[in-house]
Amino acid sequence: MSSTIQPAELGFFSALAASPSLSAAGREMGVTTAAVSKHLAQMEKRLGVVLINRTTRRMSLTPEGELLLEHARRILREIDALEELIVQSKASPKGLLRVNATLGFGRMHIAPVISDFVRQYPEVDVQLQLSVHPPPITDDAYDVCVRFGEPPDGRVIARRMAPNRRVLCAAPAYLAQHGRPRVPRDLMEHQCIGIRQGDEAYGLWRLTTGRGSKAHTESIKITGNLTTNDGEIAVLWALQGHGIVMRAEWDVNRHLAQGLLEPVLPQYHTPAADIYAVYPQRHQFSTRVQAFVGFLAEALAASGTLAGVGVGGRTDKRRAVRVS
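Residue indices begin from 1 for each chain and proceed along its sequence in written order. Local features in a predicted model are, by the rule used here, given only for residues with pLDDT of at least 70; side-chain atom pairs are given and counted only at 80 or more, and totals for whole chains, interfaces and linings are based on all residues. Working from all heavy atoms in the structure, the side-chain values ignore hydrogens and water.

Asks: Tell me what's going on with the overall build of the chain, and back it up with residues and numbers.
Replies: Assigned secondary structure in the chain consists of nine helices and 15 strands. With a 1.4 Å probe rolled over the protein chains alone, any residue whose accessible area is under 20% of its type maximum counts as buried; one over 50% counts as exposed, and the rest are partly exposed. Across the 324 residues of the chain, 41% fall into the buried class. Surface accessibility in these figures is a Shrake-Rupley result with a 1.4 Å probe; residues are shielded only by whichever protein chains are displayed. Approximately 17,300 Å² of the chain is accessible, and the part contributed by carbon and sulfur atoms is 51%. Only DSSP runs of H or I reaching four residues or more are called helices, and only runs of E reaching two or more are called strands; each is numbered from the N terminus.

In structure tokens form, the structure reads like this:
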């Protein structure tokens, strides 16, 4: 019997390895658990090695399975890239597009854009995954990640979608009762709502005056009796008068416009949180990725939602940052 790996088995094994169990893999592939088990057993028998250790509750890759998965994913990526190169000039976007975004921003802004996108490009199947933290840049589980801030080093392309900054704000009732901070160190005397997210230093707010060589940044260690890892909850607490919050402007602009929140220390600059679409360099010729990224940039610019208080909302569509 030939020990040659069949091309179709690469996709099968890659999908199987991404699932927590044989039954979950079967549901994802649209076949029975027995069919998945039989196919895996045939592969192992033909290759003469065990690829997956499985128990009644979980499964794990053997060293041989890890090796096969690494090469299978690379080969599948190369096949996908080759197909994109061949058909990009004449074909409309189609195929699977996997998008990741943060919870609140994904629900409020990315999901509606995807709804419009698939109406225009019905041959694209979009999977939207929302997460508290952005996945590693090298993670093969996503094609496009929408994230705040220019990404750290990695072999990716980062396209700036929209300007965005963090805003210090509080409810009028809180400021009336506790007074309004005049300089950054005054924040240490206030109830500040903490948010534990990503790799940012928790409980440390940085405020800057001046620009360029004249810039001066103060790092303030804030305190308060409320902390969360959910930005929406932090904003809700601020609306209820519990303290001062630092939050991206996309999340608080509507409350500022309605007078439900008021800016605090607006003369100081807070860390930038511009919105980027990040994708691997191999997707720079992908019609579905490029179509989605362009569609998203236009949608965010047209919505005006991200046009900040005192900050222009024009999207820079031309800037693509290659990080390598």
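There's plenty left to go through after this.
Asks: Give a description of the pattern of salt bridges that names residues and reports values.
Replies: The salt bridge definition used is simple: a Lys or Arg side-chain nitrogen within 4 Å of an Asp or Glu carboxyl oxygen. For the structure shown, the criterion picks out eight salt bridges. The residue Glu44 makes a salt bridge to Arg54 at a minimum N-O spacing of 2.9 Å. Highlighted residues: Glu44 in helix α3 (residues 33-47) and Arg54 in strand β1 (residues 52-54), separated in sequence by ten residues. According to the relative accessible area criterion, Glu44 is buried, its value standing at 11%. Looking at Arg54, the relative accessible area reads 33%, which means it is partly exposed. A salt bridge links Glu262 to Arg180, with the nearest nitrogen and oxygen atoms 2.6 Å apart. Taken together, the residues Glu262 in strand β13 (residues 262-263) and Arg180 in the loop between α6 (172-178) and β8 (194-195) connect sequence positions 82 residues apart. Here Glu262 falls in the partly exposed class, since its relative accessible area comes to 26%. Using a relative accessible area of 43% as the deciding quantity, one classes Arg180 as partly exposed.

Asks: Give a description of α3 that names residues and reports values.
Replies: With 15 residues, α3 should cover 21 Å at 1.5 Å per step; its first-to-last C-alpha distance of 21 Å lies within 8% of that length. Regarding α3, the residues found buried are Val36, Leu40, Met43, Glu44 and Arg46. Helices are assigned an expected span. That span is 1.5 Å times one less than the residue count.

Asks: Can you lay out the sheet that holds strand β7 (residues 166-170) for me, pointing to particular residues and giving the numbers?
Replies: On the basis of which strands lie adjacent, the open sheet formed by three strands has the order β12-β7-β13 and antiparallel pairing. With one partner strand each, in any of the chains shown, β12 (245-248) and β13 form the two edges of the open sheet. Where β7 and β12 come together, four bridges link them in antiparallel fashion. Of the residues in β12, the one forming a bridge with Arg166 is Ala248. Whether two residues are in contact is decided by their heavy atoms: any pair within 4.5 Å suffices. Each axis is a line fitted through C-alpha atoms, taken for helices only over the stretch in contact, and angles between the N-to-C directions span 0 to 180 degrees. Relative to β12, helix α8 (residues 249-257) is tilted by about 110°, and along the sheet it contacts β7, β12 and β13. When DSSP locates at least two bridges between a pair of strands, those strands are taken to pair.

Asks: Requested: an account of the packing of helix α2 (residues 22-29) against α3, with residues and values cited.
Replies: Two numbers describe a pair of packed helices, the interaxial angle and the distance between the axes. Relative to each other, α2 and α3 sit at 105°, their axes nearing to 8 Å. Overall, the two elements α2 and α3 adopt an arrangement that is roughly perpendicular. In contact with Leu22, Ser23, Ala25, Gly26 and Met29 of α2, α3 contributes Thr33, Val36, Ser37 and Leu40. For this scheme, ten residues count as nonpolar: Ala, Val, Leu, Ile, Met, Phe, Trp, Tyr, Cys and Pro. Four count as charged, namely Asp, Glu, Lys and Arg, and the remainder, Gly too, count as polar. Its residues placed into classes, the contact of α2 with α3 shows five nonpolar, four polar and no charged. To sort the angles, those under 35 degrees are grouped as roughly parallel, those over 145 as roughly antiparallel, those from 65 to 115 as roughly perpendicular, and the leftovers as oblique.

Asks: I'd like a rundown of the confidence of the model for the chain, residues and numbers included.
Replies: Should pLDDT be low for a region, the predicted coordinates there are not to be read in detail. On average, residues of the chain score 83 in pLDDT, and 86% of them reach the 70 mark or higher. A score from 0 to 100, pLDDT tells how confident the predictor is in each residue. Mean pLDDT across the elements of the chain ranges from a minimum in strand β15 (residues 320-323), with 40, to a maximum in α6, with 97. Of the regions scoring below 50 in pLDDT, residues 307-324 engages in 50 contacts with residues more than four places distant in sequence or in other chains.

Asks: Just give me the short version of the nonpolar core, but keep the residues and values in it.
Replies: Formed by 27 residues in total, the largest nonpolar core has its most connected members in Leu97, Ile110, Val144, Met161, Phe292 and Leu296. Broken down by secondary-structure element, the contributors of at least two residues to this core are β3 (95-102), α5 (103-120), β5 (144-148), β6 (156-162), β14 (275-280) and α9 (287-303). Counting residues per element, this core draws most heavily on α9, which supplies eight residues. When residues no more than four places from it in sequence are discounted, the contact partners of Val144 are Leu97, Arg98, Val99, Asn100, Ala277, Val278, Tyr279, Val289, Phe292 and Val293. Among buried residues, those of type Ala, Val, Leu, Ile, Met, Phe, Trp, Tyr and Cys that are joined through side-chain atoms within 4.5 Å constitute a nonpolar core.

Asks: Tell me about unusual backbone geometry, residues and numbers included.
Replies: A positive phi angle is found at Leu265, which is not glycine, with a value near 50°. Here Leu265 is to be found in the loop between β13 and β14. Among the residues examined, Leu265 registers a relative accessible area of 4% and is labelled buried.

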